[in-house]
Amino acid sequence: MNEQSRKELKPDHDDLHDYEDVAENYDRYVLVIPGGDDASVVDFHLDLARQYGSSGVLDIACGTGITLIPLIQNGFDVTGIDVSAAMLAVLRQKIAELLPIIRKRASIVCADMKDFQLSKQVSLAVIPRSGFLHLLTLDEQEQCLRNIYQHLLPGGVFSFNTFDPSYTLVANNLKGTNPKPQLRVEYINIRNNKERIWNVAEFDPETQVMAGSWIFEEFDEKGEIIDRRTRPVRMRWSFEPEIRHLLRLCGFEILAQYSSYQKAPRTRGNIIWVVQKN
Ligand SMILES: C[S@@+](CC[C@H](N)C(=O)[O-])C[C@H]1O[C@@H](n2cnc3c(N)ncnc32)[C@H](O)[C@@H]1O
């Protein structure tokens, strides 16, 4: 990626939730991207479901169903919610290929996690793999937590993750400093072409929002770039006391905190929260 392309780094889309141009490849790259942690993401949520999911599970920001599919295959009734029609189209296709007895355990709703409305309550809600970071203000986070609370049975459990980055990371990528894109992964896309994914993000310490782009470069067999797509990424990092406060405000009690889906003890950085409706 040359200097010129760095300067021109502007997303093709303005819609944060437009996964249209990445949905078909999402499973291919998310499974190989460093830190994608796939097996442990699924195992973590299966364990939670075995403990708390007997009266139904909400998989919120479920995307293409990397967690939802194993949950229904293991006998849980799951409602998958996501705001992206394109991601849900991939999920619906996967569900259609399953046996009817498994298929019927899933229902899919295209809606925003802040204000979806279902006519039932469940015993477990999860937001696997950083979906909660898409909420860009404290108000949005509070709205989402209150909505999830409404959809949980008494004593229902909810798990999600937040991310408190190091000050060094923020300082090195401060808003306005035009940081360099980093190569995240090289993989083979759905057209059987090599694709490289770069990402670049600037950090705004005032809003705690990291805003940037993912850049997808597709190559032909001669190594020439034949397609280049960028899509915006905006995510909010949260400090632990903010989330503790929000959870208390919204009626949740903290059951556990981990640093990883392998249940490593909490340190600074990623926090996986397991909380319970009071
Ligand atoms: C990184 S993907 C994670 C998908 C899936 N949970 C997984 O583990 O592979 C984030 C997902 O969050 C969804 N999303 C973002 N904002 C959302 C919102 N406000 N309400 C519902 N879904 C949202 C996106 O459409 C996308 O599918």
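The rules behind the values
Residues numbered from 1 in each chain as written. Predicted model: local features only at pLDDT ≥ 70, side-chain atom pairs only at ≥ 80, totals over all residues. Heavy atoms only, no water. Core = buried A, V, L, I, M, F, W, Y, C linked by side-chain atoms within 4.5 Å. Buried < 20%, exposed > 50% of the residue type's maximum accessible area, 1.4 Å probe, protein only. Helix = DSSP H or I, 4+ residues; strand = E, 2+ residues; numbered from the N terminus. Domains from an automatic or database assignment. Contact = heavy atoms within 4.5 Å. Polar contact = N/O pair within 3.5 Å; in protein donor to acceptor, adjacent residues only side chain to side chain. Buried area = accessible area lost by both parts, 1.4 Å probe. Salt bridge = Lys/Arg side-chain N within 4 Å of Asp/Glu carboxyl O.

Trainee: Can you help me understand the nonpolar core in this one?
Mentor: The nonpolar side chains of soluble globular proteins are, as a tendency, buried together. Judged by nonpolar contacts, the single largest core of 51 residues is most densely connected at Tyr 29, Leu 68 and Leu 91. Broken down by element, the residue count for this core peaks at six residues, all from helix H3 (residues 38-52). Looking at this core, you find at least three residues from each of domain 1 (39-164 + 238-277) and domain 2 (166-236). Contact partners of Leu 91, with chain neighbours within four places excluded, come to Cys 62, Gly 63, Thr 64, Gly 65, Leu 68, Ile 69 and Ile 108. Counting 25 residues, the second largest nonpolar core, distinct from the first, contains Ile 81, Ala 111, Leu 145 and Ile 243.

Trainee: How should the environment of Lys 277 be read in this particular structure?
Mentor: Here Lys 277 is to be found in strand E11 (residues 270-277). Using a relative accessible area of 11% as the deciding quantity, one classes Lys 277 as buried. Sequence separation between Lys 277 and Ile 108 is 169 residues, and the spatial gap between their C-alpha atoms is 24 Å. Excluding anything up to four places from it in sequence, Lys 277 contacts Gln 121, Tyr 149, Leu 152, Leu 153, Pro 154, Gly 155, Gly 156, Gly 251 and Phe 252. A distance of 3.0 Å separates a polar atom in the side chain of Lys 277 from the backbone oxygen of Tyr 149. A polar side-chain atom of Lys 277 sits 2.6 Å from the main-chain carbonyl oxygen of Leu 152.

Trainee: I'm lost on the domain arrangement of the protein chain in this one. Help?
Mentor: In many reports, interface size means the accessible area that the parts give up when they come together. Here the protein chain is partitioned into domain 1 (39-164 + 238-277) and domain 2 (166-236). Look at where the C-alpha atoms of domain 1 and domain 2 centre, and you get two points 26 Å apart. Counting residues at the interface gives 14 residues for domain 1 and nine residues for domain 2. Between domain 1 and domain 2, the buried area comes to about 1000 Å², and carbon and sulfur atoms account for 58% of it. It is Leu 133, Leu 136 and Phe 163 in domain 1 that bury the most area against domain 2; as a group they hold 47% of the surface buried on that side. Across the domain 1-domain 2 interface, the total number found is one salt bridge. A salt bridge links Arg 236 to Glu 242; its shortest N-O distance comes to 3.3 Å. Between domain 1 and domain 2 we count three residue pairs in polar contact (both at pLDDT 80 or more) in total.

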